[in-house]
Amino acid sequence: MAVNTSNYKLSASIANLKYTDLLPHNPDAYETSKLFLQRVIDVLMDFIRATNDRNEKILDFHHPEEMQKLLDLKIPIEGVSLQQLVHDCSVTLKYQVKTGHPHFFNQLSCGLDLVSMAGEWLTATANTNMFTYEIAPVFILMENVVMTHMREIIGECWRNGDSILAPGGSISNLYAFLAARHRMYPNYKEKGIASIKGQLVMFTSDQSHYSIKSCASVCGLGTDNCIMVPSDIHGRLIPAELERLVLERKALGHIPFFVSATSGTTVLGAFDPIPEIADICEKYNMWLHVDAAWGGGLLLSKKYRHPRLTGVER
């Protein structure tokens, strides 16, 4: 039987070394650093192979109390060896869900793209941020090109618009709330709540994402002032009900300022009637936000973007 001793030699070469034996702690440790990273890559490649093997289990499941016995999660007083770190990487992936497995289906994970993974390695190696051009010149230019290209794909009317990359749908909804409040009360940044002479109220579908209501809580509006508008049997916000509730709140002296429509609700995948909602927002001077975290991908489809997203150009 042939025995591959390369991994053994590699393991032995880092068995008694620690992170202080790597760059930048040891300026002469290029070869040692390279060996360590190659060993980590071996672990990652083994996981990639298993992820794409239909005969492998998607998950080696254990209940929390069992899992704690399989893992050494203690935080050591002194740093462990490099070989122990490599072993920990292997164990971590051993009990990890293989989200790229052909038999795995989930709404938030869609497989493993090797080019994108290589990009993650590159950005982690660059170890920078996107604060300014000075700290990340290539990435800043790259971001501008990518965002411009995406707007052009979405539609000609977006070519001269603006856009930003956000870490998720919940934060994007929060951005929209803050933009709406700033538009109506630009002095809020300096003067705070004293600049608002009345109670702000916002509106969203009773099928909308929970993060919309969280915006009301986080930004001091209060969840009672996030009005849930009834939806029809298909899960679509009813425009007539929206207008009724707006008028009801105005009669109480409140200030309607923000409506969040949904393009692709979490449960039913429903698309709210954006043009009709836009008419109401225009009539009562309210900011219209479209939460398209679920269904926004249709904007990239020439075949399916209409009629579900008709009206977003407004």
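None of these values were measured; they are calculated from a predicted model.

(A) Broad picture of the pattern of salt bridges. Within the structure shown, the criterion is met by 8 salt bridges. The shortest N-O distance in the salt bridge between Glu241 and Arg244 comes to 2.9 Å. Here Glu241 and its partner Arg244 are both found in helix α10 (residues 239-251), 3 residues apart, which amounts to about one turn of the helix. Across the pair Glu243 and Lys283 runs a salt bridge, and its minimum N-O distance is 2.9 Å. Here the residue Glu243 occupies a position in helix α10, and Lys283 occupies one in helix α11 (residues 274-283), the gap between them amounting to 40 residues. Judged by its relative accessible area of 57%, Lys283 falls in the exposed class. Several salt bridges share partner residues, and in doing so they unite Lys57, Asp60 and Lys94 into one network.

(B) Structural context of the packing of aromatic side chains. If you walk through the whole model with that rule in mind, you get 3 aromatic pairs. Plain terms: the ring middles of Phe177 and Phe258 are 6.0 Å apart, the flat faces sit at 65 degrees to each other, and that makes the pair edge-to-face. Here the residue Phe177 occupies a position in helix α7 (residues 169-184), and Phe258 occupies one in strand β3 (residues 255-262), the gap between them amounting to 81 residues. Residue classification places Phe177 among the buried residues on the basis of a relative accessible area of 1%. Given a relative accessible area of 1%, Phe258 falls into the buried group. Between Phe257 and Phe258, the aromatic rings sit 5.8 Å apart at their centres with planes inclined by 35 degrees, giving tilted as the arrangement. A network of ring pairs unites the aromatic residues Phe177, Phe257 and Phe258 as a single cluster. Across from the ring centre of Tyr188, 3.7 Å away, lies the NZ or CZ of Arg181, which sits over that ring.

(C) Seen up close, helix α9 (residues 210-218). Three or more residues of α9 are buried, namely Ser211, Ile212, Cys215 and Ala216. The buried residues of α9 occupy an angular sector of 160 degrees when the element is viewed end-on, so they sit on one face. Counted as exposed and oriented over 90 degrees from the buried face of α9: Tyr210 and Val218. For α9, the secondary structure elements touched by its buried residues are α7, β1 (200-205), β2 (226-229), β3 and β4 (287-291). Phi for Gly220, located one or two positions after α9, is positive at around 85 degrees.

(D) View of the layout of surface pockets. In this structure, the largest pocket encloses a volume near 1700 Å³. Around the largest pocket sit 40 residues that line it, and Trp158, Asp162, His289, Val290 and Ala292 are the ones nearest its centre. Those elements giving two or more residues to the lining of the largest pocket turn out to be α6 (137-154), α7, α11 and β4. Looking at which element gives the most residues to the lining of the largest pocket, the answer is α7, with 8 residues.

Reading the values: the criteria
Residues numbered from 1 in each chain as written. Predicted model: local features only at pLDDT ≥ 70, side-chain atom pairs only at ≥ 80, totals over all residues. Heavy atoms only, no water. Salt bridge = Lys/Arg side-chain N within 4 Å of Asp/Glu carboxyl O. Helix = DSSP H or I, 4+ residues; strand = E, 2+ residues; numbered from the N terminus. Buried < 20%, exposed > 50% of the residue type's maximum accessible area, 1.4 Å probe, protein only. Phe/Tyr/Trp six-rings, centres within 6.5 Å; stacked < 30°, edge-to-face > 60°. Lys NZ or Arg CZ within 6 Å of the ring centre and 35° of its normal. Arc of directions from axis to C-beta. Contact = heavy atoms within 4.5 Å. 1 Å grid on protein atoms, 1.4 Å probe; cavity = no way out; pocket = protein on both sides within 12 Å on 5 of 7 lines; lining within 4 Å. Points joined across faces, edges and corners; volume = space filled by probe spheres on them.

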